[in-house]
Amino acid sequence: MEKLEKKGKKVADIKDVTTCEATGRMLEKARRDGVVVAFDRAADMKPCPIGAESACCKMCYMGPCRLNARDPYGKVGVCGATIDTIQSRNLARMVASGSAAHNDHGMAVLELFKGVANGTITDYTIKDPYRLEALCVELGLEIEGKTIQEMALDLAEELEKTYTQTEGEIPFMKRVPAKTLETWRKLDIVPRGAMIEVMGIMSRTHMGCDQHYENITKAISKTALADGWGGSMVATELGDIMFGTPSPVQADVNFGVLKEDHVNVIVHGHEPNLFESMLVSVSDPALVQIARDKGAKGINLVGMCCSGAEMMSRHGVPHAGNFMSTEPVLVTGAVDAMAVDIQCIQQGLVKTAECYKTHLITTNPRCHIEGARHIEFEEHSPRECTDEIVTLAIARFANRGVDIEIPQIVNKGIHGFSHEYINYMLGGSFRSSYAPLNDNIINGRIRGVAGVVGCVNPRVKQDWVHVELVKELIKNDVLVIQTGCSQIALAKAGLTVPEAAHLAGPGLREVCEAVGMPPILGLGSCVDNTRILTAATAMVNQGGLGDCLADLPVAGAAPEWMSEKAVAIGQYFVASGVYTVFGVGFPTVKDTKFHNLLFGGLEEQGLGKWGVTKDPYEMAAMMIAHIDKKRKELGIDKSRERVLMDMATRRELA
Ligand code: NFS
């Protein structure tokens, strides 16, 4: 085990790095046990100041070239590349990587769906045929006289274009509001297919190719849109069709979901198939009996990160915590096996797992980790993998041999607000629609809608920026919708319950109390950010709030972002017309031409724009100011003043 103090490394003060009590307690234990986790590695690793602002280039070997961020136009690279070329190429590659990750995930879901449709994969089924039919109709596919299987095969063929098509427009462009699509066509940023867009970025950012930041920015938008309205949207839609469309479900979140007297299995990653099969394995009577024979009361399956968020939203599976808690949860000593698939799997998990004799098992052909055991997951016989993992976990339970300490903290909350459910919840089954939401925005009870999403990052205090931002937004009558690690942060803060409405402003509170909903709606994993796009589209189609996505009084934020996927998501929201604010920092040099294009110029073209600040209160103020600007442009700013005056008058009367 690596001893921190002995090596003279910098040690972070635990109260400065997390507001998650359970994680903090496990950091204390890790210190006692001499175990190093990401919070410690972050304290000991100063971020490179040049890289943080993207003022360096290693696209060729004449450099790497470093420019001076304080005097960005004072110098160029060896080839003559300016700061704008360098930054835009770097951001383009981040977006290409993020978009590739989501598209790769979406393509895997499509492959699974194809196998289910043609009958070669039998462990999964089509759980929501109504959704299947509705999507076929939406995409203009003929359904008359077709069986479910035929519809599924047609849909699979159509959606494959999302990835492989090299000319034309990807299928989900049919969902985009007409005026938004018109803007994209005019700007030439409609994606053709994910593969060609990602390839295009890698090619044009090669040394000596595209050297105009404006042209590179177009490719950035196109590739990002191929994520949000492409691969990610396919993953959400087909996931719902195969595994069920989420509707509100109560779920437990935090380290207290681990049970000392049970075999504890954690699934961490992003693709739903591993988790769905694990759910079947842990319920297998034969495996449960083996666990009992070894002295366990049962097998306890728990999720983390995004596949955890997805399973929590669909099935109410308990969730242990977000990205920065994945190592600390192992410090409890109670995790018998952690099965991982792809994305956001820190390599540091291997060492931490080793310290606590936990089985860390990689399962996906595109994610092996040196030192971890690999048991490949195969959709045609998924149980071979998941049963073996459960068997290993049972064996470890019987022979734990480590100190166990589980922080007994559990937060109950309501999750699983899909776009389809929001539609139903607001309007009821006979007149499901977004009319009540739009009406409440128009009459000013709800000021606007904010999407607060994304990662946690050890460069800022875990969960703190998410929670403070969201509290500030709901206090100001902004309805918050959430996904990913951000949703888990708010769940741990106890805010994903209808009772949290008392923290909301008077207008939002009134609506929440009437509907019985929390002021914060959790939508699922990061690929489910597409539910936000779909909901926003429904708001436009409902009428009264403008005729394109950029007209809506909405804003987005990723307050503690860290991954390239987050940048791709941010850019697809910006390109869709949404003001999107990042916390932590942003990889550009302020006031350069490229920075100014992202932070203002794109809005003038009819798209959205970026914002950045570390401070949650300033972030809320920036988002609210934008929402108010949009209300004013829509001519609905006065109604809100009236609503507030009504409240004041009411209070006076009281
Ligand atoms: Ni999103 Fe999921 Fe979390 Fe960030 Fe990672 S788990 S896809 S990238 S860290 S929110």
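Computed from a predicted model, the values in this text were never measured in an experiment.

The subject of this paragraph is the site of the ligand. H270, C305, C306, F323, C344, G454, C455, C485, C526, M562, S563 and K565 make up every residue found near the ligand. Counted by class, the shell around the ligand contains eight nonpolar, three polar and one charged residues. Both domains that meet at the shell around the ligand, namely domain 2 (255–398) and domain 3 (414–634), each give it at least three residues.

Right, let's talk about the packing of helix α5 (residues 83–118) against helix α24 (residues 593–604) for a bit. One can describe the packing of α5 onto α24 by two numbers: an axis separation of 8 Å at closest approach and a directional angle of 50 degrees. Between α5 and α24, the crossing angle belongs to the class labelled oblique. Where α5 approaches α24, its residues D84, Q87, S88 and L91 are matched on the opposing element by K593, F594 and L598.

A cluster of acidic residues, E376, E378, E384 and E388, forms a negative patch on the protein surface. Assessed through its relative accessible area of 38%, E388 is described here as partly exposed.

Okay, the domain arrangement of the protein next. Looking at the assigned domains, one finds that the protein contains domain 1 (83–243), domain 2 (255–398) and domain 3 (414–634). Distance from the C-alpha centre of domain 2 to the C-alpha centre of domain 3: 32 Å. Taken together, the contact between domain 2 and domain 3 spans 16 residues of the former and 21 residues of the latter. Roughly 1400 Å² is buried in total at the junction of domain 2 and domain 3, and carbon and sulfur atoms are behind 68% of that figure. Contact with domain 3 buries surface across domain 2, with S313, N322 and M324 losing the most and accounting together for 37% of the total. If you look at where domain 2 meets domain 3, you find zero salt bridges.

Before going further, it helps to spend a moment on the pattern of salt bridges. Using the criterion set out here, one finds 45 salt bridges in the structure. In this structure, the salt-bridge partner of D104 is R366, at a minimum N-O distance of 2.7 Å. In this pair, D104 sits in helix α5 while R366 sits in the loop between β8 (359–362) and β9 (373–374), placing the two residues 262 residues apart along the sequence. The closest approach of N and O atoms between E603 and K609, which form a salt bridge, is 3.6 Å. You can call K609 buried: its relative accessible area is 18%. It is possible to trace a salt-bridge network through shared partners that takes in R131, E138, R175, E237, D240, E310, R314, E420, D528 and R531.

This part covers a nonpolar patch on the surface. A cluster of nonpolar side chains, namely M62, V78 and M207, defines an oily patch on the protein surface of about 270 Å² accessible area. Within the element layout of this structure, M62 appears in the loop between β1 (56–57) and β2 (65–66).

Our focus in this paragraph is the packing of aromatic side chains. Going through the model one piece at a time under the given rule, you end up with eleven aromatic pairs. Relative to F243, the ring of Y124 lies with its centre 5.9 Å away and its plane at 80 degrees, an arrangement referred to as edge-to-face. With Y124 in the loop between α5 and α6 (129–138) and F243 in helix α10 (residues 213–243), this residue pair connects regions lying 119 residues apart in the sequence. Across the pair, exposure class does not vary: Y124 and F243 are buried alike. Ring plane angle 35 degrees and centroid distance 4.7 Å describe the contact between W561 and F582, whose orientation is recorded as tilted. With W561 in the loop between β14 (554–558) and α23 (564–576) and F582 in strand β15 (residues 579–582), this pair connects stretches of sequence that are 21 residues apart. Given the relative accessible area of 1%, F582 is considered buried. The rings of W561, F582, F586, F599 and W610 are connected pair by pair, giving a single aromatic cluster. Over the aromatic face of W464 sits the side chain of K461, whose NZ or CZ is 5.7 Å from the ring centroid. Above the face of the Y579 ring, K609 is positioned so that its terminal group lies 5.1 Å from the ring centre.

Turning our attention to the sheet that holds β14. Spatially, β13-β12-β11-β14-β15-β16 is the arrangement adopted by the six strands of the open sheet, whose pairing is parallel. Bordering the open sheet on either side are β13 (520–522) and β16 (610–612), each of which pairs with just one other strand. Geometrically, the sheet is characterised by an average inter-axis angle of 25 degrees between neighbouring strands, direction not taken into account. As paired elements, strand β11 (residues 448–452) and β14 share four bridges and run parallel to each other. Bridge pairing links A450 to A555 in β14.

With omega at -5 degrees, the peptide bond leading from G63 into P64 counts as cis. With respect to the helices and strands, P64 occurs in the loop between β1 and β2. Its identity is not glycine, yet C305 carries a phi of approximately 50 degrees, on the positive side. Looking at the element boundaries, C305 is found in helix α13 (residues 305–315). Unusually for a residue other than glycine, C344 sits at a positive phi of about 65 degrees.

Reading guide: rules and limits
Residues numbered from 1 in each chain as written. Predicted model: local features only at pLDDT ≥ 70, side-chain atom pairs only at ≥ 80, totals over all residues. Heavy atoms only, no water. Near = heavy atom within 4 Å. Nonpolar A, V, L, I, M, F, W, Y, C, P; charged D, E, K, R; others polar. Domains from an automatic or database assignment. Axes fitted to C-alpha atoms, helices over the stretch in contact; angles between N-to-C directions. Helix = DSSP H or I, 4+ residues; strand = E, 2+ residues; numbered from the N terminus. Parallel < 35°, antiparallel > 145°, perpendicular 65-115°, else oblique. Contact = heavy atoms within 4.5 Å. Patch = residues over 30% accessible without salt bridge, like charges linked within 9 Å, V, L, I, M, F, W, Y side chains within 5 Å. Areas by Shrake-Rupley, 256 points an atom, 1.4 Å probe, with all protein chains shown as cover. Salt bridge = Lys/Arg side-chain N within 4 Å of Asp/Glu carboxyl O. Lys, Arg positive; Asp, Glu negative; His and termini not counted. Charge placed at Lys NZ, Arg CZ, Asp CG, Glu CD. Buried < 20%, exposed > 50% of the residue type's maximum accessible area, 1.4 Å probe, protein only. Buried area = accessible area lost by both parts, 1.4 Å probe. Phe/Tyr/Trp six-rings, centres within 6.5 Å; stacked < 30°, edge-to-face > 60°. Lys NZ or Arg CZ within 6 Å of the ring centre and 35° of its normal. Pairing = 2+ DSSP bridges.

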